[in-house]
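One letter stands for each residue in the lines below.
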Amino acid sequence: MARVVVTASAYFTHGPGPDDPLAAMGAEVVRRPAGMDLVAALQGASGVIAGSEPYSEAAFAACPGLKVLARWGVGFDAVDLAAASRHGVVVATVPGTLEEAVADFTFGLMLSLARRIPEADALMRRGGWSRLMGWDVQGRTLGIVGLGRIGTAVARRAHAFGMRVLAYDPQVDASTVAARGAEACDLARLLREADFVTLHANLTAASRHLIGPAELAMMRPGACLINAARGGLVDTQAVVEALETGHLGGAALDVYESEPLPAEHPLRQAPRCILTPHMASASREAAQAMSLAAARAVADVLQGRRPASVVNPEVYGQ
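What you see is a predicted model, and the numbers here were worked out from it, not measured in a lab. (Residues numbered from 1 in each chain as written. Predicted model: local features only at pLDDT ≥ 70, side-chain atom pairs only at ≥ 80, totals over all residues. Heavy atoms only, no water.)

Enquirer: Would you mind going over the overall build of the protein with me for this structure?
Expert: Counting secondary structure elements, the protein contains 12 helices and 12 strands. Relative to the globule expectation of 20 Å for 318 residues, the C-alpha radius of gyration of the protein, 21 Å, shows essentially globular dimensions. For the protein, the spread of C-alpha atoms along the three principal axes comes to 60 × 50 × 35 Å. Of the roughly 14,800 Å² of accessible surface on the protein, a fraction of 53% belongs to carbon and sulfur atoms. In the protein, the 28 positive side-chain charges and the 31 negative ones have mean positions that sit 4 Å from each other. (Helix = DSSP H or I, 4+ residues; strand = E, 2+ residues; numbered from the N terminus. Rg over C-alpha atoms; globule rule 2.2 N^0.38 Å. Areas by Shrake-Rupley, 256 points an atom, 1.4 Å probe, with all protein chains shown as cover. Lys, Arg positive; Asp, Glu negative; His and termini not counted. Charge placed at Lys NZ, Arg CZ, Asp CG, Glu CD.)

Spelled out as structure tokens, the structure:
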């Protein structure tokens, strides 16, 4: 019997449902025990449905029976892909399951910044009563960094709100950007012209701290930054300083360079800053879709099929 370890806790509350392919093949699906070392939990497993924990060369070397790692999500920056391929582990993600949820959440963050909704709620809870003046998003310019599935879903929503949309994505040509409802430009122009900048890029060695002190300084005074992609895309300390000086009109962050965010982190005291605990994809519908897609990917590999979305295809040539 195949043993599959699940480290993504939401899998057990919003599982794949009656069409569960792992149940159909008779696999043993087990939760990683709380506090147990990852390598210890993976002993004897042929598959893992992984959360955001890191998978290193040492982890793969210590688990020779592991054949497939399916991310419960679309990011894979926590996985050493080269190491996975060397050890014959197929790494799969679940695109097409969470973009609408993340796009909704991104717009929720933008509207909350623009209309100062969290500030108004806090004011009311303190017993106050004062109208906080915000600004419209209609007619504003939205800059999208990363025009993949999620960025495209955000662009669709922006048009419905009457926004002008700029996009920076060196992996997408200008005609495709236009077809996805945006105007292609370089990062510097996007930062100079956008009233809101939202990040939807992958985290790689090249994109780490894509938004740092120099990039924040390029942003127009009073503009807002939204990050629901990966914390490492942003130089956190630079964001804190830009908020404290008032150059940055606001920030809404769902992801962080260190997670969970430390209790004494300066972001927690930064002005005009909305913080949420990495929950952009946390809708019931997206969770169930991700669970089903991850289960299918694991079942595919264990039954000799190739999953729909493999991020280390070189593993098949070894």
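This is not the end of the story, as more comes after the structure.
Enquirer: Could you clarify how one ought to interpret the pairing of strand E3 (residues 47–50) in this entry?
Expert: Two faces make up the sheet, and in a regular strand the side chains alternate between them. Neither face of E3 is exposed, since Gly47 and Ile49 on one face and Val48 and Ala50 on the opposite face are all buried. Across 3 bridges, strand E1 (residues 3–6) lies against E3 in parallel orientation. Among the inter-strand pairings, Val4 is bridged to a residue of E3, identified as Gly47. As paired elements, E3 and strand E4 (residues 68–71) share 4 bridges and run parallel to each other. (Buried < 20%, exposed > 50% of the residue type's maximum accessible area, 1.4 Å probe, protein only. Pairing = 2+ DSSP bridges.)

Enquirer: So what exactly am I meant to see when it comes to the sheet that holds strand E2 (residues 28–31) here?
Expert: To summarise the sheet geometry, strands pair through backbone hydrogen bonds and adopt either a parallel or an antiparallel arrangement. The 5 strands lie next to each other as E2-E1-E3-E4-E5, forming an open sheet whose pairing is parallel. Here the strands that pair on one side only, and so sit at the sheet edges, are E2 and strand E5 (90–92). With direction set aside, neighbouring strand axes in the sheet form an average angle of 20 degrees. Each of E1, E3, E4 and E5 touches helix H12 (residues 284–302); the most contacted strand, E4, lies at about 165 degrees to it. (Axes fitted to C-alpha atoms, helices over the stretch in contact; angles between N-to-C directions. Contact = heavy atoms within 4.5 Å.)

Enquirer: Explanation requested: helix H5 (residues 99–115) in the structure shown.
Expert: Note: α-helices contain 3.6 residues per turn, so residues at a spacing of three or four share the same orientation. Taking 1.5 Å per residue, 17 residues should reach 24 Å; H5 reaches 24 Å between its end C-alpha atoms and fits that length. Most of H5 sits inside the fold, with 12 of its 17 residues counted as buried. Arg116 sits one or two positions beyond H5 and adopts a positive phi of about 55 degrees. (Expected span 1.5 Å × (residues − 1).)

Enquirer: What am I meant to see in the pattern of salt bridges here?
Expert: When the charged atoms of two side chains with opposite charge come close together, those side chains can pair. A full pass over the atoms with the stated rule returns 15 salt bridges. Ionic pairing is found between Glu28 and Arg3, a salt bridge with its closest N-O pair at 3.9 Å. Here Glu28 is found in strand E2, whereas its partner Arg3 is found in strand E1, with 25 residues between them in sequence. Note that Glu100 and Arg156 form a salt bridge whose closest N and O atoms lie 2.6 Å from each other. Placement of Glu100 in helix H5 and of Arg156 in helix H7 (residues 149–160) is noted, with a sequence separation of 56 residues between them. On the accessibility criterion, Glu100 (36% relative accessible area) is partly exposed. Through salt bridges with shared partners, a single ionic network connects Glu100, Asp104, Arg156 and Arg157. (Salt bridge = Lys/Arg side-chain N within 4 Å of Asp/Glu carboxyl O.)

Enquirer: Please clarify how the packing of aromatic side chains should be interpreted in this entry.
Expert: Following the criterion strictly, the structure yields 3 aromatic pairs and no others. Taking 5.6 Å as the distance between ring centres and 80 degrees as the angle between the ring planes, the aromatic pair formed by Tyr11 and Phe12 counts as edge-to-face. With centroids separated by 4.9 Å and ring planes inclined at 35 degrees, the aromatic side chains of Phe107 and Phe161 adopt a geometry described as tilted. Taken together, the positions of Phe107 in helix H5 and Phe161 in the loop between H7 and strand E7 (164–168) put the pair 54 residues apart, joining distant regions of the chain. Among the residues examined, Phe161 registers a relative accessible area of 34% and is labelled partly exposed. (Phe/Tyr/Trp six-rings, centres within 6.5 Å; stacked < 30°, edge-to-face > 60°.)

Enquirer: Looking at this structure, I do not really get the side chain of Ser112. What am I missing?
Expert: Following the sequence through the fold, Ser112 ends up in helix H5. Accessibility expressed as a relative area gives 17% for Ser112, which makes it buried. Here Ser112 is in contact with Ile117, Pro118 and Ile274, once residues within four sequence places are set aside.

Enquirer: Teacher, can you tell me more about the side chain of Asn227 here?
Expert: Checked against the element boundaries, Asn227 lands in strand E10 (residues 224–227). Judged by relative accessible area, Asn227 falls into the buried class, the value being 1%. Among the polar contacts made by the side chain of Asn227, one reaches the main-chain carbonyl oxygen of Arg230 at a distance of 3.0 Å. (Polar contact = N/O pair within 3.5 Å; in protein donor to acceptor, adjacent residues only side chain to side chain.)

Enquirer: So what exactly am I meant to see when it comes to H7 here?
Expert: The terminal C-alpha atoms of H7, which comprises 12 residues, lie 17 Å apart, in line with the 16 Å expected from a rise of 1.5 Å per residue. Looking only at H7, the buried set comprises Ile150, Gly151, Thr152, Ala153, Val154, Ala155, Arg157 and Ala158. Just downstream of H7 lies Gly162, where phi reads positive at about 70 degrees.

Enquirer: Mind showing me how you'd approach the packing of H5 against H7 here?
Expert: The packing of two helices is summarised by the inter-axis angle and the distance between the axes. Direction vectors running N to C along H5 and H7 enclose 50 degrees, while the axes themselves pass 8 Å from each other. Classified by the angle their axes make, H5 and H7 are oblique. For the crossing formed where H5 meets H7, the hand is right-handed. On H7, the residues that touch Glu99, Glu100, Val102, Ala103, Asp104, Thr106 and Phe107 of H5 are Arg149, Ile150, Ala153, Val154, Arg156, Arg157 and Ala158. Looking at the contact of H5 with H7 residue by residue, the classes come out as 7 nonpolar, 1 polar and 6 charged. (Parallel < 35°, antiparallel > 145°, perpendicular 65-115°, else oblique. Left-handed = near helix turned anticlockwise from the far one by under 90°. Nonpolar A, V, L, I, M, F, W, Y, C, P; charged D, E, K, R; others polar.)

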